Amino acid sequence: MRKCAITIFVIFAFQVMLIAQIGGARVAAVENGSRATIFGGYSYLRNNSNGFNGWEGQGTFNFNRYLGVTADISGASVSPFSFSALGFSAGTYQHLNNYLFGPTVTTNFGRSAVFAHALFGEARSSLGAGVSVPIIGGISTGLTSANAFAMAFGGGVDIGITRHLAIRAVQIDYLRTQFNATNALTTGLSSSLGNRQNSFRYSTGIVFRF
């Protein structure tokens, strides 16, 4: 986790240095930042010893070349227990969904870009169980769920392919949720008795520019 924290710090520091150097100077007509971007892709969330696979979607509106505002929605899940035999299967599943919003700072290098953001909002953690029986099919039900404040700090790198298309090579976020100990335990998110949960989120995917 220390390596991830160092990486995030470097991204933020890099952003500050670049903006300070440019400092309002006029930039020649290159591939300027887009008015809006939409990102969608794969997301991996690491929380203590649990690894959640999922997805992430983002929409960013840019006020100018450097500053914008981002809406971020993500979902991740893991199956702590599963059993299968003779066509019959049963298991439990955990879901963590995040709904975040906040400012983004971007620096463009031709068609590519480096960005950093600070996002705030709500997280929803839930625990459920399901069974699958031959002929009858699958049956699942939610067991418990809880909502809590969440925030994410991080950034990443977009590699431009065309003017309107880019690959998000990497995005790394430190994600902090504030479920109380009871909700964290009952939804399976954490075994800690604290009221804060620290996670890291790694994302990659496709960026559309408009």
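That block above? That's the structure.
The rules behind the values
Residues numbered from 1 in each chain as written. Predicted model: local features only at pLDDT ≥ 70, side-chain atom pairs only at ≥ 80, totals over all residues. Heavy atoms only, no water. Phe/Tyr/Trp six-rings, centres within 6.5 Å; stacked < 30°, edge-to-face > 60°. Helix = DSSP H or I, 4+ residues; strand = E, 2+ residues; numbered from the N terminus. Buried < 20%, exposed > 50% of the residue type's maximum accessible area, 1.4 Å probe, protein only. Lys NZ or Arg CZ within 6 Å of the ring centre and 35° of its normal. Contact = heavy atoms within 4.5 Å. Salt bridge = Lys/Arg side-chain N within 4 Å of Asp/Glu carboxyl O. Core = buried A, V, L, I, M, F, W, Y, C linked by side-chain atoms within 4.5 Å. Patch = residues over 30% accessible without salt bridge, like charges linked within 9 Å, V, L, I, M, F, W, Y side chains within 5 Å. Areas by Shrake-Rupley, 256 points an atom, 1.4 Å probe, with all protein chains shown as cover. Pairing = 2+ DSSP bridges.

Chemist: Now, about the packing of aromatic side chains: what can you tell me, with residues and values included?
Modeler: Applying the stated rule across the entire model yields four aromatic pairs. Residues Phe120 and Phe153 carry aromatic rings whose centres are separated by 5.6 Å and whose planes lie at 80° to one another, so their mutual orientation is edge-to-face. With a gap of 33 residues between them, Phe120 in strand E5 (residues 112-133) and Phe153 in strand E6 (residues 137-160) connect regions that are remote in the sequence. Given the relative accessible area of 26%, Phe153 is considered partly exposed. The aromatic ring of Phe39 is capped on one face by Arg168, whose charged end is 4.4 Å from the ring centroid.

Chemist: Got a sec to walk through the environment of Ala113? Specific residues and values, please.
Modeler: Inspection of the secondary structure puts Ala113 in strand E5. Sequence-wise, Ala113 and Arg168 are 55 residues apart; in three dimensions their C-alpha atoms are separated by 9.4 Å. Excluding residues that lie within four positions of it along the chain, Ala113 makes contacts with Thr106, Thr107, Asn108, Gly156, Val157, Asp158 and Arg209.

Chemist: Talk me through the pattern of salt bridges; I want residue IDs and the actual numbers.
Modeler: When the charged atoms of two side chains with opposite charge come close together, those side chains can pair. Under the criterion given, the structure shown has four salt bridges. The shortest N-O distance in the salt bridge between Arg168 and Asp158 comes to 2.7 Å. Of this pair, Arg168 sits in strand E7 (residues 165-177) while Asp158 sits in strand E6, and the two are 10 residues apart along the sequence. Here Arg168 falls in the buried class, since its relative accessible area comes to 4%. For Asp158, a relative accessible area of 6% gives the class buried. Members of the salt-bridge network, linked through shared partners, are Glu56, Asp72, Asp173 and Arg201.

Chemist: Describe in detail the nonpolar core, supporting the description with residues and values.
Modeler: Counting residues in hydrophobic clusters, the biggest one holds 15 residues, and the most contacted among them are Leu45, Leu96, Leu100 and Phe179. Elements with a minimum of two residues in this core: strand E4 (88-109), E5 and E6. Of the residues forming this core, the biggest block, four residues, is contributed by E6.

Chemist: Go over a nonpolar patch on the surface, please, and point to the residues and values.
Modeler: Together, Ile38, Ile159, Ile161, Ile167, Ile206, Phe208 and Phe210 line one region of the surface with nonpolar side chains, adding up to about 610 Å² of accessible area. Within the secondary structure, Ile161 sits in the loop between E6 and E7.

Chemist: How would you explain the pairing of strand E1 (residues 36-47) if you had to name every residue and give the values?
Modeler: In the sheet, E1 pairs with strand E2 (residues 50-62) via 12 bridges, with the strands oriented antiparallel. Within E2, the position partnered with Gly40 by the bridge is Gly57. Relative to strand E8 (residues 197-209), E1 is paired through 11 bridges, and the arrangement is antiparallel. Opposite Ile38, over in E8, you have Phe208 as the bridge partner.

All we've got here are geometric facts, nothing functional implied.
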